Amino acid sequence: MGDTGVILTEVSDGVAVVTLNRPERRNALNGELIRGIRDTMVALDGDDGVSVIVLTGSDPAFCAGVDLKELGAGRNLVASDGAAAPGRPWARTTKPVVGAVNGPAVTGGFEIALQCDFLVASERATFGDTHARVGLLPGWGLSVLLPQAIGVRRAKEMSLTGNFVSAGEALRLGLVNHVVPHDELLPTARKLAVDIAGNDQRAVRALLEEYDEVVSTTLADGLAIEAAKAAAWNSDRSTTADVERRRQAVIDRGRSQL
């Protein structure tokens with residue numbers, strides 16, 4: 001499928017590499033980019049020539065989260081528009097999604113990384129949940145998926161402090177599967193994706209569905225709770241009015257920790 005400007009897509013050997021492409025805004029999520037992700041995932045899931053999806057960002061960041069300028073203007077970018085189930089940035093795919101985290105994955109961008117089936121990280125990757133620092137609540141699964149990945153106590157520490165975790169620490173915590181030199185990130189992610197693509201795809205998708213069903217025995221309720229709370233909190237104009245004021249302080253603090 002073709003590029004959309006904010007989304008770049010390249011398909012070969014049954015693997016689609018999808019790149020978030022707003023580098024001048026550190027791939028921050030505006031309405032156009034969110035719609036692009038959702039539309040691209042639906043198209044690739046229906047493409048018989050694609051077996052695995054690799055999701056990455058244009059350097060220098062994986063995704064800096066929701067564009068706080070738009071959110072500060074009162075746009076609730078995280079709210080579901082019917083294109084994705086509650087608690088998800090895109091509709092669930094039947095094909096594996098491998099995250100190739102090339103740089104900072106922050107807040108909403110961190111949630112996008114968590115929605116991938118597993119993660120490969122560049123040595124330049126960092127992970128941070130700054131929802132509490134901005135004054136928002138997560139709406140794309142973070143409070144459910146992060147504890148699944150690293151445990152409840154570590155997840156609470158990340159969310160309540162807003163502190164960033166390096167790639168090496170993310171590997172130690174079990175948040176990512178591999179940390180590699182930056183230049184080897186996409187080759188490594190693609191190799192793993194090709195390994196998956198070389199298997200029986202009916203079995204791969206059945207096994208992926210089985211994993212999702214098993215971990216979703218409590219996941220669905222958790223996502224519904226989070227989505228409801230986030231919708232109420234983030235739609236409160238008195239809450240979003242303060243976002244722009246906090247935005248620069250959050251950016252400066254994040255940069256000081258990198």
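Residues numbered from 1 in each chain as written. Predicted model: local features only at pLDDT ≥ 70, side-chain atom pairs only at ≥ 80, totals over all residues. Heavy atoms only, no water.

1. Focus: the side chain of Arg 88
Right, on to step 1. Here Arg 88 lies in the loop between helix 2 (68-72) and strand 4 (97-101).
Right, on to step 2. Among the polar contacts made by the side chain of Arg 88, one reaches the main-chain carbonyl oxygen of Trp 90 at a distance of 3.0 Å.
Right, on to step 3. Within the local environment of Arg 88, its side chain forms a polar contact with the side chain of Gln 115, the two groups lying 2.9 Å apart.
Right, on to step 4. Among all residues touching Arg 88, those that are not within four sequence positions of it are Arg 38, Gln 115, Gly 139 and Trp 140. (Helix = DSSP H or I, 4+ residues; strand = E, 2+ residues; numbered from the N terminus. Polar contact = N/O pair within 3.5 Å; in protein donor to acceptor, adjacent residues only side chain to side chain. Contact = heavy atoms within 4.5 Å.)

2. Some details on the sheet that holds strand 7 (residues 126-128)
Right, on to step 1. Judged by pairing direction, the sheet is mixed, and its three strands sit side by side in the order 5-7-8 without closing on themselves. The sheet is open, and its two edges are formed by strand 5 (104-106) and strand 8 (165-166), each paired on a single side.
Right, on to step 2. In the packing of helix 3 (residues 108-115) onto the sheet, contacts are made with strand 5 and strand 7, and the angle to strand 5 comes to roughly 100°. (Pairing = 2+ DSSP bridges. Axes fitted to C-alpha atoms, helices over the stretch in contact; angles between N-to-C directions.)

3. What to know about the pattern of salt bridges
Right, on to step 1. Tallied over the full model, the rule gives five salt bridges.
Right, on to step 2. For Asp 212, the salt bridge goes to Arg 92, with nearest N and O atoms at 3.2 Å. Within this pair, whereas Asp 212 is found in helix 9 (residues 201-234), its partner Arg 92 is found in the loop between helix 2 and strand 4, the two being separated by 120 residues in sequence.
Right, on to step 3. Judged by its relative accessible area of 17%, Asp 212 is buried.
Right, on to step 4. The class for Arg 92 is partly exposed, based on a relative accessible area of 40%.
Right, on to step 5. The residue Asp 195 makes a salt bridge to Lys 191 at a minimum N-O spacing of 3.5 Å. (Salt bridge = Lys/Arg side-chain N within 4 Å of Asp/Glu carboxyl O. Buried < 20%, exposed > 50% of the residue type's maximum accessible area, 1.4 Å probe, protein only.)

So, to be careful, I would describe these as geometric facts and stop short of saying anything about function.
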